[in-house]
Amino acid sequence: MDINEIKQQWNTLKIKMTPAELMKRTTSLEHLMRNYRRFGVLALLCIPGGFSFYQLIQRGAILVSPAVVILFVAAMALSASVDLYLYNQLKEIDLLSMSVTEVADRARNCRRIHLFSQLILLPLVLTFVIIVAVTSTTTFLRWGLLCGALVGMIIGFGKWLEIMRTYRTLT
(Lines give C-alpha, C1' and ligand atoms only; values in the text may rest on other atoms or scores of the structure.)
Protein backbone atom coordinates (compact mmCIF):
# COMPACT_ATOMS: atom_id res chain seq x y z
CA MET A 1 0.00 0.00 0.00
CA ASP A 2 1.50 3.32 -1.03
CA ILE A 3 0.96 6.78 0.40
CA ASN A 4 -1.71 7.74 -2.13
CA GLU A 5 -3.87 4.76 -1.19
CA ILE A 6 -3.55 5.64 2.49
CA LYS A 7 -4.56 9.26 1.77
CA GLN A 8 -7.51 8.05 -0.29
CA GLN A 9 -8.71 5.74 2.48
CA TRP A 10 -8.28 8.51 5.03
CA ASN A 11 -10.39 10.88 2.95
CA THR A 12 -13.14 8.29 2.52
CA LEU A 13 -13.55 8.01 6.29
CA LYS A 14 -14.83 11.61 6.40
CA ILE A 15 -14.31 12.06 10.09
CA LYS A 16 -15.14 15.67 10.77
CA MET A 17 -15.43 17.28 14.12
CA THR A 18 -17.03 20.59 14.82
CA PRO A 19 -15.19 23.11 17.00
CA ALA A 20 -17.77 22.48 19.75
CA GLU A 21 -16.94 18.76 19.72
CA LEU A 22 -13.24 19.54 19.87
CA MET A 23 -13.81 21.78 22.90
CA LYS A 24 -15.60 18.93 24.73
CA ARG A 25 -12.62 16.60 24.35
CA THR A 26 -10.23 16.54 27.25
CA THR A 27 -6.71 15.26 27.44
CA SER A 28 -5.50 12.69 29.96
CA LEU A 29 -3.63 15.47 31.69
CA GLU A 30 -6.80 17.54 32.12
CA HIS A 31 -8.65 14.47 33.35
CA LEU A 32 -6.02 13.84 36.05
CA MET A 33 -5.98 17.48 37.08
CA ARG A 34 -9.77 17.54 37.41
CA ASN A 35 -9.72 14.38 39.57
CA TYR A 36 -6.99 15.72 41.87
CA ARG A 37 -8.69 19.08 42.27
CA ARG A 38 -12.02 17.37 43.03
CA PHE A 39 -10.50 15.00 45.61
CA GLY A 40 -8.46 17.77 47.20
CA VAL A 41 -11.53 19.93 47.73
CA LEU A 42 -13.54 16.93 48.94
CA ALA A 43 -10.89 16.07 51.54
CA LEU A 44 -10.85 19.68 52.76
CA LEU A 45 -14.64 19.58 53.09
CA CYS A 46 -14.43 16.34 55.10
CA ILE A 47 -12.27 17.94 57.80
CA PRO A 48 -15.14 19.78 59.55
CA GLY A 49 -17.22 16.59 59.29
CA GLY A 50 -14.67 14.85 61.47
CA PHE A 51 -15.88 16.82 64.45
CA SER A 52 -19.14 14.86 64.34
CA PHE A 53 -17.03 11.98 65.65
CA TYR A 54 -16.01 14.24 68.54
CA GLN A 55 -19.69 14.77 69.37
CA LEU A 56 -20.27 11.01 69.26
CA ILE A 57 -17.36 10.53 71.66
CA GLN A 58 -18.78 13.13 74.06
CA ARG A 59 -22.23 11.49 73.95
CA GLY A 60 -20.72 8.11 74.74
CA ALA A 61 -21.65 6.50 71.42
CA ILE A 62 -17.95 5.83 70.76
CA LEU A 63 -15.76 4.83 73.69
CA VAL A 64 -12.39 6.16 72.62
CA SER A 65 -10.11 9.08 73.28
CA PRO A 66 -10.94 12.33 71.47
CA ALA A 67 -7.44 12.09 69.98
CA VAL A 68 -8.89 9.79 67.32
CA VAL A 69 -10.45 12.88 65.76
CA ILE A 70 -6.91 14.19 65.25
CA LEU A 71 -6.14 11.00 63.32
CA PHE A 72 -9.12 11.65 61.03
CA VAL A 73 -8.25 15.33 60.52
CA ALA A 74 -4.61 14.45 59.85
CA ALA A 75 -5.58 11.86 57.25
CA MET A 76 -7.92 14.29 55.47
CA ALA A 77 -5.40 17.15 55.63
CA LEU A 78 -2.63 14.93 54.26
CA SER A 79 -4.91 13.68 51.51
CA ALA A 80 -5.96 17.20 50.54
CA SER A 81 -2.41 18.51 50.53
CA VAL A 82 -1.12 15.63 48.38
CA ASP A 83 -4.01 15.94 45.92
CA LEU A 84 -3.62 19.69 45.57
CA TYR A 85 0.16 19.34 45.27
CA LEU A 86 -0.27 16.81 42.46
CA TYR A 87 -2.83 19.07 40.82
CA ASN A 88 -0.30 21.92 40.83
CA GLN A 89 2.49 19.68 39.54
CA LEU A 90 0.33 18.49 36.64
CA LYS A 91 -0.82 22.06 35.99
CA GLU A 92 2.80 23.07 35.39
CA ILE A 93 3.11 20.63 32.48
CA ASP A 94 3.08 22.53 29.20
CA LEU A 95 2.33 20.14 26.36
CA LEU A 96 3.35 22.69 23.74
CA SER A 97 6.82 23.48 25.02
CA MET A 98 7.89 20.26 26.77
CA SER A 99 9.20 17.15 25.08
CA VAL A 100 7.30 13.88 25.29
CA THR A 101 9.92 12.33 27.56
CA GLU A 102 9.80 15.30 29.93
CA VAL A 103 6.00 15.10 30.17
CA ALA A 104 6.21 11.34 30.74
CA ASP A 105 8.88 11.79 33.44
CA ARG A 106 6.80 14.36 35.30
CA ALA A 107 3.74 12.14 35.04
CA ARG A 108 5.73 9.18 36.40
CA ASN A 109 6.93 11.31 39.32
CA CYS A 110 3.36 12.37 40.10
CA ARG A 111 2.22 8.74 39.92
CA ARG A 112 5.02 7.75 42.29
CA ILE A 113 3.99 10.45 44.78
CA HIS A 114 0.37 9.34 44.47
CA LEU A 115 1.24 5.71 45.23
CA PHE A 116 3.54 6.66 48.12
CA SER A 117 0.82 8.81 49.68
CA GLN A 118 -1.58 5.88 49.38
CA LEU A 119 0.87 3.72 51.35
CA ILE A 120 0.71 6.27 54.16
CA LEU A 121 -2.98 7.18 54.00
CA LEU A 122 -4.51 3.70 53.78
CA PRO A 123 -3.15 2.51 57.15
CA LEU A 124 -4.23 5.80 58.77
CA VAL A 125 -7.79 5.51 57.48
CA LEU A 126 -8.07 1.78 58.20
CA THR A 127 -6.81 2.37 61.74
CA PHE A 128 -9.41 5.09 62.23
CA VAL A 129 -12.27 2.95 60.89
CA ILE A 130 -11.26 -0.08 62.97
CA ILE A 131 -10.87 1.95 66.18
CA VAL A 132 -14.23 3.68 65.76
CA ALA A 133 -16.03 0.47 64.70
CA VAL A 134 -14.67 -1.57 67.60
CA THR A 135 -15.36 1.08 70.22
CA SER A 136 -18.85 2.08 69.09
CA THR A 137 -21.53 1.23 71.65
CA THR A 138 -24.47 0.63 69.31
CA THR A 139 -24.63 -1.97 66.57
CA PHE A 140 -26.43 0.46 64.26
CA LEU A 141 -23.55 2.91 64.45
CA ARG A 142 -21.02 0.12 63.95
CA TRP A 143 -22.78 -1.33 60.90
CA GLY A 144 -23.47 2.12 59.47
CA LEU A 145 -19.81 3.02 59.75
CA LEU A 146 -18.68 -0.28 58.23
CA CYS A 147 -21.19 -0.05 55.36
CA GLY A 148 -20.17 3.54 54.65
CA ALA A 149 -16.51 2.54 54.72
CA LEU A 150 -17.18 -0.37 52.37
CA VAL A 151 -19.09 1.77 49.88
CA GLY A 152 -16.38 4.43 50.05
CA MET A 153 -13.71 1.78 49.52
CA ILE A 154 -15.48 0.39 46.44
CA ILE A 155 -15.95 3.84 44.91
CA GLY A 156 -12.41 4.85 45.84
CA PHE A 157 -10.90 1.71 44.34
CA GLY A 158 -12.79 2.34 41.09
CA LYS A 159 -11.51 5.91 40.92
CA TRP A 160 -7.98 4.71 41.80
CA LEU A 161 -8.06 2.28 38.88
CA GLU A 162 -9.30 5.06 36.60
CA ILE A 163 -6.48 7.37 37.71
CA MET A 164 -3.87 4.63 37.19
CA ARG A 165 -5.24 3.97 33.68
CA THR A 166 -5.06 7.68 32.95
CA TYR A 167 -1.44 7.76 34.12
CA ARG A 168 -0.67 4.82 31.84
CA THR A 169 -2.21 6.73 28.92
CA LEU A 170 -0.29 9.89 29.80
CA THR A 171 3.08 8.18 30.09
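One can find the structure itself at the top, above this paragraph.
Residues numbered from 1 in each chain as written. Predicted model: local features only at pLDDT ≥ 70, side-chain atom pairs only at ≥ 80, totals over all residues. Heavy atoms only, no water.

Asker: Got a minute to help me understand a positive patch on the surface in this structure?
Answerer: A contiguous patch of positive charge on the surface is contributed by Arg111, Arg112, Arg165 and Arg168. With respect to the secondary-structure elements, Arg111 resides in helix H6 (residues 100-135). (Patch = residues over 30% accessible without salt bridge, like charges linked within 9 Å, V, L, I, M, F, W, Y side chains within 5 Å. Areas by Shrake-Rupley, 256 points an atom, 1.4 Å probe, with all protein chains shown as cover. Salt bridge = Lys/Arg side-chain N within 4 Å of Asp/Glu carboxyl O. Lys, Arg positive; Asp, Glu negative; His and termini not counted. Charge placed at Lys NZ, Arg CZ, Asp CG, Glu CD. Helix = DSSP H or I, 4+ residues; strand = E, 2+ residues; numbered from the N terminus.)

Asker: Would you take a moment to explain the packing of aromatic side chains for this structure?
Answerer: The relation between two aromatic rings is expressed through the spacing of the ring centres and the mutual angle of the planes. Under the counting rule described, the total for this entry stands at 5 aromatic pairs. Aromatic pair Phe72 and Phe128: ring centres 5.2 Å apart, planes at 40°, arrangement tilted. Of this pair, Phe72 sits in helix H5 (residues 67-91) while Phe128 is found in helix H6, placing the two residues 56 residues apart along the sequence. For Phe128, a relative accessible area of 6% translates into the label buried. Aromatic pair Phe157 and Trp160: ring centres 6.0 Å apart, planes at 20°, arrangement stacked. Residue Phe157 and its partner Trp160 are both found in helix H7 (residues 139-170); the two are separated by 3 residues, about one turn of the helix. Note on Trp160: relative accessible area 30%, which makes it partly exposed. Each member of the aromatic cluster is reached from another via a ring pair, and the members are Phe53, Phe72 and Phe128. (Phe/Tyr/Trp six-rings, centres within 6.5 Å; stacked < 30°, edge-to-face > 60°. Buried < 20%, exposed > 50% of the residue type's maximum accessible area, 1.4 Å probe, protein only.)

Asker: What exactly am I supposed to notice about the nonpolar core here?
Answerer: Across soluble globular proteins, nonpolar side chains show a tendency to be buried alongside one another. If you look at the biggest cluster of nonpolar residues, it comprises 17 residues, and the most contacted ones within it are Leu32, Tyr36, Leu90 and Tyr167. Among the elements of the structure, helix H3 (28-49), H5, H6 and H7 are those that each provide at least two residues to this core. Dropping the residues within four chain positions of it, Leu32 is found in contact with Leu90, Ile163, Thr166, Tyr167 and Leu170. Counting 14 residues, the second largest nonpolar core, distinct from the first, contains Ile62, Leu71, Val129 and Leu145. (Core = buried A, V, L, I, M, F, W, Y, C linked by side-chain atoms within 4.5 Å. Contact = heavy atoms within 4.5 Å.)

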